[in-house]
Each structure stands twice: as structure tokens, then as C-alpha cells.
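# Residue-level structure breakdown
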Amino acid sequence: MGIQQTTFTILTAFISFTGWMECYGFSPIKMHHSKLLKLGVDIKRRSVLQAIGTPQDSDPIPNNWSTQVLSKLSSVIDPDLERDIVSLGFIQNLDLDEETRQISFDVQLTTPACPIKEEFKTQCEDLINSLTWSNGKAKVTMTAPDPARIGASPNTPFGLSQVKAIIAVSSCKGGVGKSTTAVNLAYSLKKLGAEVGIFDADIYGPSLPTMVTPDNDAVEFIGRQIKTLERDGVKLMSFGYVNDGSAVMRGPMITQLLDQFLSLTFWGPLDYLILDMPPGTGDIQLTLCQKMNITAAVIVTTPQELSFVDVERGIEMFDTVNVPCISVVENMAYLEVGEEPKFDEQLMVESLSMALKEKGINDETLGESLVDVVRSTLKQSKEKEELKLRIFGQGHKKRLSDQWGIEHTFSIPLLDKIAKNGDSGMPFVVEYPESEQAGVYLELAGRVAREVVKVQYANDQSRPTVAYNSERNLLEISIGSANDKDTDTLPPADLRRDCKCAACVEEFSGRQILKPEDVPDSVKPRTMNPTGNYALSVDWSDGHRSLYPYKQIRALLRSKRELNVAAKI
């Protein structure tokens with residue numbers, strides 16, 4: 001028994017004894033009974049504090065303790081919004097227990113699906129535990145606001161009023177795996193902690209009833225609203241659930257039917273509604289974009305050139321309705337070879353020996369040595385990347401990045417399990433959550449969640465403002481907010497010479513086709529317009545049209561500044 005606990009026990013017994021003495025008129029000591037009791041409580045309290053680990057010799061709690069805590073936390077930067085979590089208002093319910101000296105607070109993120117929330121939590125704990133006057137055991141709770149539609153238009157249907165973000169998954173061409181991507185993206189977002197729904201907007205050929213079998217397929221109503229079906233916590237709705245088969249009707253009727261379907265389905269609180277778009281770029285697609293106030297789009301394609309043309313059409317369609325394309329999924333990008341190629345070694349030895357004899361070489365051991373070299377080479381090249389057969393070509397990731405500024409592209413393999421799960425009603429990421437391919441879908445979900453945050457919460461600081469000064473024949477480029485703007489200039493000819501379209505740069509080799517001397521210094525922009533959230537479209541006076549990702553413009557400015565600094569040295 002510790003010395004403090006022993007002292008407390010003796011005092012308690014002594015207090016009881018003196019209380020008995022006082023009852024009979026004796027006062028053996030002058031110390032009052034209540035003071036003795038208080039002394040015992042204080043000793044007991046100190047023993048409890050020591051037991052839970054509160055430092056007895058720690059610094060006193062400062063009067064401005066909350067200011068110190070917030071000052072520490074202001075060094076945690078949200079990488080997407082590029083601001084600290086204190087100024088963003090993420091810190092909620094800050095409290096200090098003065099007895100235990102434990103600091104507790106909530107970090108209210110923009111989405112429960114934030115893929116870096118554990119990193120945030122660790123950073124916050126390490127920073128607060130370094131305060132010498134705390135008990136070194138900060139309690140940090142990661143939270144997110146209840147789903148509430150951000151920026152919802154007054155015309156938003158009632159059933160969508162509690163949906164925070166709508167993500168369109170589009171392909172502009174059928175048969176590329178759009179619905180497969182939509183389903184696995186939805187369930188991956190659910191795994192990250194979000195409330196998710198999937199709406200199959202293809203009335204002509206609904207895919208969701210085949211791909212996801214609901215827990216209960218009975219269609220129910222909430223008042224006059226259709227209640228969504230569910231599977232493993234993800235809400236579902238498709239024309240195929242309420243009507244057996246696809247619709248056979250003309251375009252205007254389909255548009256009207258979709259409008260009614262949107263108005264009558266009640267989704268309740270959702271962080272993300274995944275909208276499985278019908279293929280194409282026509283009236284139905286534009287109606288959906290305008291009616292549903294879509295937050296962002298994910299484009300699904302395959303590696304062929306023909307599919308890339310459709311990607312461009314899709315990006316342009318979404319741009320006309322001011323919907324940013326935040327990611328591209330390259331489906332069926334490669335075929336995974338599960339094992340190294342097998343061959344008949346003896347047959348190869350005989351074939352090589354025969355070929356060597358025909359060349360006048362009679363060394364019989366040489367054939368065996370050559371087979372050993374082949375075997376060794378195959379063994380050394382057994383890495384995963386070497387066992388990916390790109391049946392449909394190398395794809396267009398670099399081209400998407402260079403021309404459209406879409407950095408986040410994901411490659412999904414041609415895998416029989418993914419196809420089988422799509423036909424069985426069980427999402428692939430649910431049945432194989434630990435597979436490598438499920439990891440790619442999870443990575444896609446994390447990136448989508450982060451990009452949506454940028455679209456919803458970030459201001460236009462990351463988007464440069466480009467204007468042409470005709471008197472000086474210079475492009476004036478401003479980066480930052482109105483209160484903190486950095487302005488620089490760039491000759492139009494420098495930007496024109498940096499065009500990376502297919503006519504100016506060879507896609508796969510990177511060889512420069514456009515020669516800098518072929519662009520006159522007098523070239524100037526006729527029109528300049530933003531394309532989505534990531535690029536600037538320019539029509540030049542020489543008749544050429546270029547598309548510049550904003551990151552490319554920023555890189556040109558950095559290069560110019562570095563050259564200016566080097567010239568001064």
C-alpha cells in the first residue's frame with residue numbers, strides 16, 4: 001500500500017475516533033473534525049491523480065490555455081483546402097479537465113469519408129501532448145457534420161434535399177464498365193465511413209438490379225415518396241427495381257419519367273449520391289445535370305483511342321453545365337497474368353541446338369546454356385508490372401494530365417472476378433475487400449472525397465485569373481484571393497510554344513512537333529475561357545486552339561522566375 005493511501009486510511013480512522021470522543025464531551029485535539037476530513041480528501045485526490053498519470057511537478061495551467069491549444073493546432077494544414085484546421089473552423093467542443101489536466105476536443109471534418117482523418121488525429125494528439133501543463137493524453141474525436149445539401153438550388157426535389165454531394169459516373173459510351181465503377185465506388189465510399197446511395201439513371205437499360213441484389217426487394221412508400229432499397233447500408237434505386245425490364249419509349253417521355261422518378265424518390269440524409277449516368281451526351285444527360293445540381297463527375301473509359309475521344313466529349317459536356325470532372329477511371333486497362341509463362345525446356349534445347357547446327361555451331365552445351373539464360377531472365381522479370389498485358393494499348397493518362405489537367409486517373413484490370421460479381425448481385429469490393437483491385441477502388445473513393453471537398457469548400461485561390469493586356473502584349477496572371485493576390489506577366493508566345501496538344505507534342509514518345517521558332521512573337525490570344533476547374537482554353541491568332549491545365553501555367557511562371565533569378569546572379 002502506498003504512503004498516501006496509508007496516510008488516508010489512518011486519518012479516516014482517526015477522524016472516526018475523534019468524532020466518537022466529541023460525542024461524549026471530550027476534545028483530545030484542537031484541529032476541527034471538518035479540517036481533518038478535508039485533509040484526508042486532499043490526500044486521496046492527490047493519490048488518484050498520481051494513479052491516472054497526471055504529473056505532480058507539471059507546469060501550472062495558464063489562463064490562456066485555449067489560445068495555446070489553438071495555436072498548436074493551427075500548424076495542422078488541410079492539404080486539399082490549403083488552410084489550417086483552426087481557421088477552417090474544424091475544432092469544436094474544446095475542453096480542459098483541470099483535475100486530470102486532460103484536453104479534449106472534436107475535429108469536425110468536411111466529410112466522414114476523409115481518407116486522411118487518422119493522420120489528422122495523430123498530428124493533433126502529438127501537438128497537444130507536447131504541452132508541458134497537460135497530462136499528455138489528449139482526447140481527439142474525429143467527427144463530420146450531418147449530411148446537408150451544400151449549395152442546393154431552390155428547385156432541388158424534396159427527396160434530394162438532404163443529399164450533400166451528387167457524383168455523376170459517366171462514360172459517354174456503353175460497355176466500358178461504367179456501372180461496375182459506380183457500384184464499387186459507392187461501396188468503397190461506404191467503407192470510408194460515408195452515407196451513400198446509388199441512383200441508376202439509365203431507363204432504357206438499367207444495370208443496378210443485376211449488379212446489386214437488395215436486402216429486401218419490396219418497394220415501399222414514405223407518404224407520397226418512394227422509399228429506397230438497401231444493400232449492406234448503401235441505398236439503391238433504379239427503374240428496374242420498380243418495373244420489370246427496361247423502358248421502351250421515346251426520348252421526351254423518358255425525360256419526363258426521369259423527372260418524376262427524381263421527384264418521387266426519398267433518399268434521406270446522404271453524404272454522397274452516386275449517379276450512374278446513361279451513356280451518351282444528349283438531352284437526357286443534360287437534363288440530369290441541370291435538374292440534380294451535380295457536384296462533380298467521374299469519367300469511365302478504356303485505353304483505346306476511340307474511347308479517349310468520348311472522354312473529351314464527356315468533359316466538354318460537363319463543362320457546358322459547369323460540372324468539374326475530378327477523376328478518370330481507365331477500365332479493362334490490362335490483363336493480369338497470374339503466373340510466369342511455362343515452356344517445354346527440353347523442346348527448346350533441341351530447337352536451339354538444331355538452329356545452332358544449321359549455323360555451323362556444333363556445341364551441344366550451348367543450347368542448354370541459352371535455355372538457362374531464358375529461365376533466369378523470366379525469373380528476374382516476374383514483377384507485377386511485367387505481368388500486366390495491356391491488350392487495348394497503353395492508355396491516355398499522360399494525355400489527360402497534359403491536355404485537361406486531370407491528375408487523378410485510375411487503372412482497373414480486366415478481371416474475371418469483377419465481371420462475375422457484376423452478374424451475381426454482389427459488389428466486388430464487398431466480397432473481396434482485401435484484394436488489390438478493391439484497394440484501387442478505395443483509393444479512387446478517397447480521391448473523389450477529397451476533390452469534392454475542394455469543389456464545395458475551397459475558394460478559387462488555386463485557379464489563376466488570366467487576362468490579356470493588348471497594349472503591352474502580355475498575359476497578366478493573378479493567383480490567390482482578392483486580399484492576397486500575386487500577379488505576374490507572361491508573353492503570349494511563351495504560352496503558345498508550351499502547347500502540349502497532339503498536334504504539338506507526340507503523345508507516347510514526348511517528341512516536340514511544334515518548333516519554337518515557328519511561333520512568332522506577335523501571336524496573341526483571341527479568346528480565353530476556363531474549362532471546368534482545371535484548365536484554360538485559348539484560341540490563338542495563328543488559328544490554333546490550345547488547352548492549358550492551370551498547373552502548367554503555374555509551372556511556366558515558376559520557370560520564368562527561376563530564369564530571372566539566375567540572370568541576376
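Residues numbered from 1 in each chain as written. Predicted model: local features only at pLDDT ≥ 70, side-chain atom pairs only at ≥ 80, totals over all residues. Heavy atoms only, no water.

### What about the packing of aromatic side chains?
Evaluated as defined, the whole model comprises 6 aromatic pairs. A ring pair is formed by Phe199 and Phe261, whose centres lie 5.6 Å apart and whose planes are at 55°; its orientation type is tilted. A residue pair is termed long-range when its members are at least 10 positions apart, and Phe199 in strand β7 (residues 196-200) and Phe261 in helix α8 (residues 251-264) qualify at 62 residues. On the basis of relative accessibility, which here comes to 1%, the residue Phe199 falls in the buried class. Taken together, a centroid distance of 6.4 Å and an interplanar angle of 90° make the contact between Trp540 and Tyr548 edge-to-face. Grouping residues by exposure puts Trp540 and Tyr548 together as buried. Chaining the aromatic ring pairs together yields one cluster made of Phe199, Phe239, Phe261 and Trp267. (Phe/Tyr/Trp six-rings, centres within 6.5 Å; stacked < 30°, edge-to-face > 60°. Helix = DSSP H or I, 4+ residues; strand = E, 2+ residues; numbered from the N terminus. Buried < 20%, exposed > 50% of the residue type's maximum accessible area, 1.4 Å probe, protein only.)

### Re the pattern of salt bridges
Applying the stated criterion to the full structure yields 16 salt bridges. As a salt-bridge pair, Lys178 and Asp276 come within 2.7 Å of each other at their nearest N and O atoms. Within this pair, whereas Lys178 is found in helix α5 (residues 178-191), its partner Asp276 is found in strand β13 (residues 270-276), the two being separated by 98 residues in sequence. Residue Lys178 is classed as buried on the basis of its relative accessible area of 8%. Overall, the relative accessible area of 3% leaves Asp276 in the buried class. Here Arg561 ties to Asp488 by a salt bridge, and the two come within 3.2 Å at their closest N and O atoms. On the criterion of sequence distance, the pair formed by Arg561 in helix α18 (residues 550-568) and Asp488 in strand β21 (residues 485-490) is long-range, its members being 73 residues apart. Taken together, the shared-partner salt bridges in this structure form one network comprising Arg447, Glu451 and Lys454. (Salt bridge = Lys/Arg side-chain N within 4 Å of Asp/Glu carboxyl O.)

### Details of the nonpolar core
Leu189, Leu236, Tyr272 and Ile274 are the most contacted members of the largest nonpolar core, which has 43 residues in total. With 8 residues, helix α16 (residues 436-457) is the largest single contributor of residues to this core. Leu189 has contacts with Ala113, Ala194, Val196, Tyr272, Ile274, Ala445 and Ala449, leaving out every residue within four places of it along the chain. (Core = buried A, V, L, I, M, F, W, Y, C linked by side-chain atoms within 4.5 Å. Contact = heavy atoms within 4.5 Å.)

### Brief notes about the confidence of the model for the chain
For the chain, per-residue confidence averages 80 on the pLDDT scale, and residues scoring 70 or more make up 80% of the total. pLDDT under 50 marks residues 1-56. Its contacts with residues more than four places away, or in other chains, come to 46 contacts. (pLDDT = per-residue confidence, 0-100.)

### Considering the sheet that holds strand β9 (residues 225-227)
Think of a sheet as strands paired side by side through backbone hydrogen bonds, with each pair either parallel or antiparallel. Taken in spatial order, the 3 strands line up as β8-β9-β12 in an open sheet, and their pairing is mixed. At either end of the open sheet lies a strand with only one pairing partner, and these are β8 (221-222) and β12 (265-266). Relative to β9, β8 runs antiparallel, the two being bridged by 2 bridges. Bridge pairing in β9 links Ile222 to Gln225. (Pairing = 2+ DSSP bridges.)

### Looking at the sheet that holds strand β22 (residues 525-531)
Here 3 strands make up an open sheet; going across it, the order is β22-β23-β24 and the pairing antiparallel. Every other strand in the sheet has two partners, leaving β22 and β24 (545-549) as the edge strands with one partner each. Put simply, the sheet's adjacent strands are angled 20° from each other on average, direction ignored. Pairing geometry for strand β23 (residues 535-540) and β24, over 5 bridges, is antiparallel. Considered in β24, the bridge of Ala535 is made with Pro549. Sheet strands touched by helix α13 (residues 397-404): β22, β23 and β24. Its angle to β24, the strand with the most contacts, is close to 100°. (Axes fitted to C-alpha atoms, helices over the stretch in contact; angles between N-to-C directions.)

### Topic: the packing of helix α3 (residues 65-73) against helix α4 (residues 117-129)
Between α3 and α4, whose axes approach to 9 Å, the crossing angle comes to 135°. With respect to α4, the element α3 is oriented oblique. Considering how the two elements wind past one another, α3 and α4 form a crossing that is right-handed. Between α3, through Val69, Lys72 and Leu73, and α4, the contact on the second element is made entirely by Cys124, Leu127 and Ile128. Classifying every residue of the contact of α3 with α4 gives 5 nonpolar, no polar and 1 charged. (Parallel < 35°, antiparallel > 145°, perpendicular 65-115°, else oblique. Left-handed = near helix turned anticlockwise from the far one by under 90°. Nonpolar A, V, L, I, M, F, W, Y, C, P; charged D, E, K, R; others polar.)

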